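Listed below, chain by chain, are the residues.
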Amino acid sequence: MESTDKSNRDLESQSTGASPSSPLLPKPQQPQHSPVLTSNPLSWIKGVPFLIWQFTENDFPTFILPNSAFGVFGALAGPRLFSDETGPTVSEVLWRIPIVILYNWYMTFIFDLANQRGADSVEEDRINKPWRPIPSGYATMEHARILLLSSIPLAMGMNWYLGVFHEGIWILVLVWMYNDLRGGDHMLRDPLIAAGSLGFNGGSLRLAGGVGRTVNDEGHLWTVMIAAVILTTGYIQDLKDQVGDRLRERKSVPILIGDGLCRAVIAAFILSWSFACAYFWRLKLWAFVVPVLLGAGIGMNGLLRRNREADYATWRTWCFWLIVLFSLPALSRF
């Protein structure tokens, strides 16, 4: 997922010749009273659902749905990833899709609250993402703090009820490390995101499989394998943020090893994982075509088109490539 503090604020100041504090870039004033949430209890009842959606809207296509797809497609592999002999039926898996999406959504909501409520994040969002709830005036940092305090115990209770309590605790620890300890600002960013995928994807697989089923060793191996995919290719999203990262002295992978080498490494890893994941599921040769061709296309696009707009499109295509990899278990069954 893309952190709010992965900013290119300095790129805008560079283009105008102004420093971040220059009067050429005035900061929009935060309204003293949110138009959605006020001290009126009725306003809270009406405004909270909209506000919750605003916090998580951008992560739905790139994080919530892909993580949900991992669990659903993995469960469709049948008994191969579960300890019982039959595994979940197709109808059982389809019936549990809303629960899987719900789990990924409310855990992502907690991450987004923690990520967007900081003063530094709000200042950056005023310029880069002014539509977000706090900079747009729909909420304040205090509202986000209250929502976060309320959401964590509710999420823990929900996770205990659904049988994914350990996965939820794992995610909460990583959210704390990423945001409050500012691990997302350093080289730990990509390892923390990859580690977080273990909680999101592992929980999704367990939920999609149904109550009473245990994920077996091969299921855990597949979850770890995808985490390795994210670790070794996920910094593709840093390509589009290089100017801002360099001006802010962030040590992202493209800056540390160089833009050209980073693109080549990403292309090599994506192509390698495309073959490895298809081979893991012992698919027939024709089934290798889609992930391999898509992976090759992503790598070539990253190597040949080196501008921010192209890099953003490449990152979005990478998210779709992940879903293709996630679908391989279902393809192995049918």
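Bear in mind that the values here come from a model prediction, so they are computed numbers and not experimental data.

**Student:** Help me get a handle on the overall build of the protein chain, residues and values and all.
**Tutor:** Along the backbone of the protein chain there are 16 helices and zero strands. By residue count, 53% of the 334 residues in the protein chain fall in the buried class. In the protein chain, the share of contacts with a sequence separation of at least 24, taken over all contacts with a separation of at least 6, comes to 77%. When the accessible area of the protein chain is evaluated, it comes to approximately 15600 Å², of which 67% is carbon and sulfur surface.

**Student:** So what's going on with the UniProt feature "transmembrane region" (unreviewed entry) in the protein chain? Residues and values would help.
**Tutor:** Here the UniProt feature "transmembrane region" (unreviewed entry) sits at residues 160-178, 221-239, 260-281, 287-304 and 313-331. The span residues 260-281 is 95% helical and 0% strand by assignment, and the distance between its end C-alpha atoms comes to 33 Å. The distance from the first to the last C-alpha atom of residues 313-331 is 27 Å, and the span holds 95% helix and 0% strand.

**Student:** Just give me the short version of helix 10 (residues 217-233), but keep the residues and values in it.
**Tutor:** For helix 10, which comprises 17 residues, the first-to-last C-alpha distance of 24 Å matches the rise-based estimate of 24 Å (1.5 Å per residue) to within 8%. Among the residues of helix 10, Gly 219, Trp 222, Thr 223, Met 225, Ile 226, Ala 227, Val 229, Ile 230, Thr 232 and Thr 233 are the ones counted as buried. On its buried face, helix 10 sits against helix 3 (60-75), helix 9 (189-209), helix 13 (259-280), helix 15 (308-326) and helix 16 (328-333). Of the residues that open helix 10, the one with a side-chain oxygen 3.1 Å from the backbone nitrogen of Glu 218 is Asn 216.

**Student:** Give a description of the packing of aromatic side chains that names residues and reports values.
**Tutor:** Across all of its chains, the model carries 13 aromatic pairs by this definition. Measuring from centroid to centroid gives 6.2 Å for Phe 55 and Phe 109, while their planes differ by 70°, and the two rings are edge-to-face. Of this pair, Phe 55 sits in helix 2 (residues 41-56) while Phe 109 is found in helix 5 (residues 97-116), placing the two residues 54 residues apart along the sequence. Summarising the burial analysis for this pair, Phe 55 and Phe 109 share the class buried. We note Arg 80 situated over the ring of Phe 280; from NZ or CZ to the ring centre the distance is 5.6 Å. Here Arg 282 stacks its cationic end above the ring of Tyr 279, 4.7 Å away from the centre of that ring.

Rules of the game
- Residues numbered from 1 in each chain as written.
- Predicted model: local features only at pLDDT ≥ 70, side-chain atom pairs only at ≥ 80, totals over all residues.
- Heavy atoms only, no water.
- Helix = DSSP H or I, 4+ residues; strand = E, 2+ residues; numbered from the N terminus.
- Buried < 20%, exposed > 50% of the residue type's maximum accessible area, 1.4 Å probe, protein only.
- Contact = heavy atoms within 4.5 Å.
- Areas by Shrake-Rupley, 256 points an atom, 1.4 Å probe, with all protein chains shown as cover.
- UniProt positions renumbered as here; feature names shortened; annotations may be inferred.
- Expected span 1.5 Å × (residues − 1).
- Polar contact = N/O pair within 3.5 Å; in protein donor to acceptor, adjacent residues only side chain to side chain.
- Phe/Tyr/Trp six-rings, centres within 6.5 Å; stacked < 30°, edge-to-face > 60°.
- Lys NZ or Arg CZ within 6 Å of the ring centre and 35° of its normal.

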